[in-house]
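# Working through the structure, step by step
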Amino acid sequence: MRAILVGVKTRDRTEKDLKYSLQELEGLVEALNGKTLGKLYQNRPVPDPATYIGRGKAKQLKELAEGIEADTIVFDAELTPVQITNIENITDTKVLDRTDLILSIFSERAKTRQAKLQVELATLQHQLPRVYGQKGKALSRIGGGMKTRGAGEKLGEIKVRTIKDRIARIKKELEYIKKQRYQQRKWRNKNPDIFRVALVGYTNAGKSSLLNRLTKRETFISDQLFATLDTKTSYMVFPDINKKIVITDTVGFVKDMPQEIMEAFMATLEEVEEADLILHVVDISDENWTEKVESVDSILKKIKVHTKPQVLVLNKIDMVIPSPEYLEDSDATMLSGDRESVIISTKEGWNLDRLHEVLKKYAVQKETIPAS
């Protein structure tokens, strides 16, 4: 992929927000082994309903794409079927929106049956309104579950019915997987010596690395966005308190996580609902880490787990300071305010003993809380 990135600064978006979002979009392109050749910015109060950026700007985009030989234009927004069709007709170049890009990454990275089904479901739900896209017609009401076939039925209507049937079958299979996972969690919940921890955080914050360090488990680790999609569960044992800590890694989040992906991965995120403690892993070396913490917090509120006990794990401190001697007890409080937190380096092993103590503390607290 040889891409041009397009961002629009509207009245609801600051210049800083636009810059940060386009920087992340470039990372998403790289995650697909693509290369960003250029960026096009625009200021307008509201997006153009026909082309998002206006016909004149779209023509300018065509000239830019031809000049640098780009084969894909990626918009830092979610486009309508009409907008995609119009822009492609003007530029003669493939157009993707932010959701398309994320779904493409998910499709490449999904390994387990559940993850593959979740990605397929999200993709079909995103693609459904675009079946007539080449004619600029949205299909939100077409094919509403009718099984009859008229002699004059159009190809688009057949496609819509096929997609809706496939969506129904995927949801049924995911429901079966969900029940299986519920039974597994039910068994863990009955054991009073098991303490459940969920790792959450922005994509590429180091959650898989931390799971590997804490549990001595070998998991796939890569310095890229959405390196892993599948939920992974492992454990560590604290014999001195007679506790088994079951730790579950979850899919990483991004700012403005597409609704289709949120809905598809809700079964995975149910692991967070069952957790006794949430470890919110943060890449402290990222200049935008505070904004990313806010993004994850907003998603935790959406899935209604924000009131659970939570600890901020400020990771990758080795990229900020040269040695652990520079760490002080006051550092974590200074960075996170009144939120409980611990600064670590998963890569170097700095302060992991402090994190162990935090896990022990919460495990013992659970033991002393009387059952309601």
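For the structure given in this document, a descriptive report is provided here. This structure is a prediction, so every number in the text was calculated from the model and none was measured.

In this section: the sheet that holds strand E2 (residues 35-43). With parallel pairing, the 4 strands of this open sheet are ordered in space as E2-E1-E3-E4. Of all the strands in the sheet, just E2 and strand E4 (94-97) have a single pairing partner and so form its edges. Along the sheet, successive strands turn relative to each other by an average axial angle of 25°, direction set aside. Pairing of strand E1 (residues 2-9) with strand E3 (residues 72-75) involves 4 bridges; the strand directions are parallel. Looking at E3, one finds that leucine 5 is bridged to valine 74. Against the sheet, helix H3 (residues 81-91) makes contact with E3 and E4, and its axis sits at roughly 145° relative to E4, the strand it touches most.

Using the criterion set out here, one finds 17 salt bridges in the structure. For lysine 16, the salt bridge goes to glutamate 291, with nearest N and O atoms at 3.1 Å. A residue pair is termed long-range when its members are at least 10 positions apart, and lysine 16 in helix H1 (residues 15-31) and glutamate 291 in helix H10 (residues 289-302) qualify at 275 residues. Since its relative accessible area comes to 18%, glutamate 291 is described here as buried. Notably, a salt bridge pairs aspartate 76 with arginine 98, separated by 2.7 Å at the nearest N-O pair. Placement of aspartate 76 in the loop between E3 and H3 and of arginine 98 in helix H4 (residues 98-109) is noted, with a sequence separation of 22 residues between them. The residues aspartate 76 and arginine 98 share a single accessibility class, namely buried.

Residues Leu101 and Phe253 are the most contacted members of the largest nonpolar core, which totals 39 residues. Elements supplying a minimum of two residues to this core: E1, H1, H4, helix H5 (113-127), strand E5 (194-201), helix H8 (259-264), helix H9 (266-273) and H10. For this core, the leading source of residues is H1, giving 7 residues. Residues Leu199, Leu211, Tyr362 and Ala363 belong to the second largest nonpolar core, which totals 25 residues.

This part is about unusual backbone geometry. Of note in this structure, asparagine 33 is not a glycine but carries a positive phi near 60°. Relative to the helices and strands, asparagine 33 is located in the loop between H1 and E2.

Per the stated rule, a full pass over the model turns up 1 aromatic pair. A ring pair is formed by tyrosine 52 and phenylalanine 75, whose centres lie 6.0 Å apart and whose planes are at 90°; its orientation type is edge-to-face. Placement of tyrosine 52 in the loop between E2 and helix H2 (55-68) and of phenylalanine 75 in strand E3 is noted, with a sequence separation of 23 residues between them. Per residue, the accessibility class of tyrosine 52 equals that of phenylalanine 75, and both read buried. The cationic tip of lysine 360 hangs over the ring face of phenylalanine 238; the distance from NZ or CZ to the ring centre is 5.2 Å.

A few words on the sheet that holds strand E8 (residues 277-283). Spatially, E6-E7-E5-E8-E9-E10 is the arrangement adopted by the 6 strands of the open sheet, whose pairing is mixed. Lying at the two open borders of the sheet, with one neighbouring strand each, are strand E6 (232-238) and strand E10 (341-343). Across the sheet, the mean angle from the axis of one strand to that of its neighbour is 25°, orientation sign disregarded. Pairing of strand E9 (residues 310-315) with E10 involves 3 bridges; the strand directions are parallel. Across the sheet, the residue bridging to valine 313 is valine 342, located in E10. Against the sheet, H10 touches E5, E8 and E9, its axis set at about 150° to E8.

What follows concerns the environment of serine 285. Along the chain, the position of serine 285 falls in the loop between E8 and H10. Relative accessible area serves as the criterion here: at 28%, serine 285 is assigned to the partly exposed category. Residues serine 285 and lysine 316, spaced 31 residues apart in sequence, show a C-alpha to C-alpha distance of 6.1 Å. A distance of 2.5 Å separates the side chain of serine 285 from the side chain of aspartate 283, its partner in a polar contact.

Our next topic: the pairing of E8. Counting buried residues along E8, 7 of its 7 residues qualify, which places the element largely inside the surrounding structure. Residues Leu277, Leu279, Val281 and Asp283 point to one face of E8 and Ile278, His280 and Val282 to the other, with burial holding for every one of them. Strand direction decides the pairing type here: E5 and E8, joined by 5 bridges, are parallel. Within E8, the residue paired with glycine 201 across the bridge is valine 281.

Quick notes on the rules
Residues numbered from 1 in each chain as written. Predicted model: local features only at pLDDT ≥ 70, side-chain atom pairs only at ≥ 80, totals over all residues. Heavy atoms only, no water. Pairing = 2+ DSSP bridges. Helix = DSSP H or I, 4+ residues; strand = E, 2+ residues; numbered from the N terminus. Axes fitted to C-alpha atoms, helices over the stretch in contact; angles between N-to-C directions. Contact = heavy atoms within 4.5 Å. Salt bridge = Lys/Arg side-chain N within 4 Å of Asp/Glu carboxyl O. Buried < 20%, exposed > 50% of the residue type's maximum accessible area, 1.4 Å probe, protein only. Core = buried A, V, L, I, M, F, W, Y, C linked by side-chain atoms within 4.5 Å. Phe/Tyr/Trp six-rings, centres within 6.5 Å; stacked < 30°, edge-to-face > 60°. Lys NZ or Arg CZ within 6 Å of the ring centre and 35° of its normal. Polar contact = N/O pair within 3.5 Å; in protein donor to acceptor, adjacent residues only side chain to side chain.

Remember that the coordinates give geometry; whether it matters functionally is a separate question.
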